[in-house]
Amino acid sequence: MTDKKEIRKIGVLGCGLMGSGIAQVAASNGYEVVVMEINEEVLNKGLGRITKNLDRMVSKGRLSDAGKDEIMGRLSGTRQLADLAGSDMVIEAVVENLDIKQDIWRKLDQLCPSNTIFASNTSSLKISLQAEATSRGDRFVGLHFFNPVPMMKLVEVIRTDETSDETHAAAMDFSRALGKDPITCVDSTGFVVNRLLTPYLLDAVRALERGIASVEDIDKAMRLGCGHPMGPLALMDFIGLDTVLYISNIMLEEFGEPSCAPPKLLSEMVSQGKLGKKSGQGFYSY
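All of these numbers come straight from a predicted model, not from anything done at the bench.

1. Regarding unusual backbone geometry
Logical step 1: Going from asparagine 147 to proline 148, the amide bond is cis rather than trans, its omega being 0°.
Logical step 2: Within the secondary structure, proline 148 is located in the loop between strand S6 (140-145) and strand S7 (154-159).
Logical step 3: You will see that phenylalanine 191, though not glycine, has its phi angle at about 55°, which is positive.
Logical step 4: By secondary structure assignment, the location of phenylalanine 191 is in the loop between strand S8 (181-186) and helix H7 (193-209).
Logical step 5: Residue classification places phenylalanine 191 among the buried residues on the basis of a relative accessible area of 5%.

This is the structure in structure tokens:
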């Protein structure tokens, strides 16, 4: 068993938006972190993002220069999977592709000690399907963080039928040690947030398709009428329209519910490269 005391070193797979955010938060809370990324450009960009975030905190007086140096001193990047072998917990934040995830876990299962906890940050894929690629179903759990990781308080902790009580408790304790407020959910596609959020986002697109209101007015309605901090169409731009489309297709395949079917407008926008904020054009221009 790896209890709270023994979790000292965290391995992070992937240094994109989510991976770099997880690495930053873990290093900021006293953990030694090794973040692995096969793409050197993405690795350097992710580490640079962390530096900029910490510099911003220093400029606002929320962090000292010495504090920043301590955090960066606990953080290192690598392109070698073997460098994660000494981790007490490995958190995966790579592309949402089951085959790729399983391949990585299969390799890490051979590299890491049997007591290393494996955790996936997947937003939609079942944890049990990833755990099947390893010999440690009892040491496998979902840790779904939300973007931007340093700011968002929620972590969904997903346990499979095989996840042990000890592993679940370690994941909950780790989340709290990062200053997060975790919830527990079963291993069901979309978990809690995306299971409820995705149909809502798709309905907003359908409302736009049917001419019920403009983009701006649909978003204003949900901000002012329901107290949401961001309207559904702006939120989709922030998440990435391709990501929403991908998740909706996974949920449609899993549940077969019409509410999960992607609207034609969404599919067309993605095919045209209108992915939201990251492409410069979505429901809004950036």
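2. Quick notes on the pattern of salt bridges
Logical step 1: If you walk through the whole model with that rule in mind, you get 13 salt bridges.
Logical step 2: A salt bridge links glutamate 257 to arginine 195, with the shortest nitrogen-to-oxygen separation between them at 4.0 Å. Residue glutamate 257 is located in the loop between helix H10 (241-255) and helix H11 (264-271), and its partner arginine 195 is located in helix H7; the two are separated by 62 residues in the primary sequence.
Logical step 3: Note that aspartate 242 and lysine 278 form a salt bridge whose closest N and O atoms lie 2.9 Å from each other. Here lysine 278 lies in the segment after H11 and aspartate 242 lies in helix H10, a separation of 36 residues in the sequence.
Logical step 4: With relative accessibility at 26%, the residue aspartate 242 sits in the partly exposed group.
Logical step 5: By relative accessible area, lysine 278 is classed as exposed at 54%.

3. Some remarks on the sheet that holds strand S2 (residues 32-36)
Logical step 1: Strand order across the open sheet formed by eight strands is S3-S2-S1-S4-S5-S6-S7-S8, with mixed pairing between neighbours. One side of each edge strand has no neighbouring strand; the edge strands of this open sheet are strand S3 (75-78) and S8. Ignoring strand direction, the axes of neighbouring strands in this sheet form an average angle of 25°.
Logical step 2: Here S7 runs beside S8; their pairing, made up of six bridges, is parallel. Its bridge partner lying in S8, glutamate 156 is registered against isoleucine 183.

4. A short note on the packing of aromatic side chains
For any pair of aromatic rings, the description rests on two quantities: the centre-to-centre distance and the angle between the ring planes.
Logical step 1: Tallying each qualifying case throughout the model produces four aromatic pairs.
Logical step 2: Here the aromatic rings of tyrosine 31 and phenylalanine 174 are separated by 5.1 Å at their centres, their planes lie at 75°, and the arrangement is edge-to-face. With tyrosine 31 in the loop between helix H1 (17-28) and S2 and phenylalanine 174 in helix H6 (residues 165-177), this pair connects stretches of sequence that are 143 residues apart.
Logical step 3: Ring geometry for tryptophan 105 against phenylalanine 140: centres 4.9 Å apart, planes inclined by 70°, an arrangement best described as edge-to-face. Within this pair, whereas tryptophan 105 is found in helix H4 (residues 98-111), its partner phenylalanine 140 is found in strand S6, the two being separated by 35 residues in sequence.
Logical step 4: Its relative accessible area of 0% is what places tryptophan 105 among the buried residues.

Rules and cut-offs
- Residues numbered from 1 in each chain as written.
- Predicted model: local features only at pLDDT ≥ 70, side-chain atom pairs only at ≥ 80, totals over all residues.
- Heavy atoms only, no water.
- Helix = DSSP H or I, 4+ residues; strand = E, 2+ residues; numbered from the N terminus.
- Buried < 20%, exposed > 50% of the residue type's maximum accessible area, 1.4 Å probe, protein only.
- Salt bridge = Lys/Arg side-chain N within 4 Å of Asp/Glu carboxyl O.
- Pairing = 2+ DSSP bridges.
- Axes fitted to C-alpha atoms, helices over the stretch in contact; angles between N-to-C directions.
- Phe/Tyr/Trp six-rings, centres within 6.5 Å; stacked < 30°, edge-to-face > 60°.

It is worth stressing that arrangement in space is one thing and function is another; only the former is reported here.
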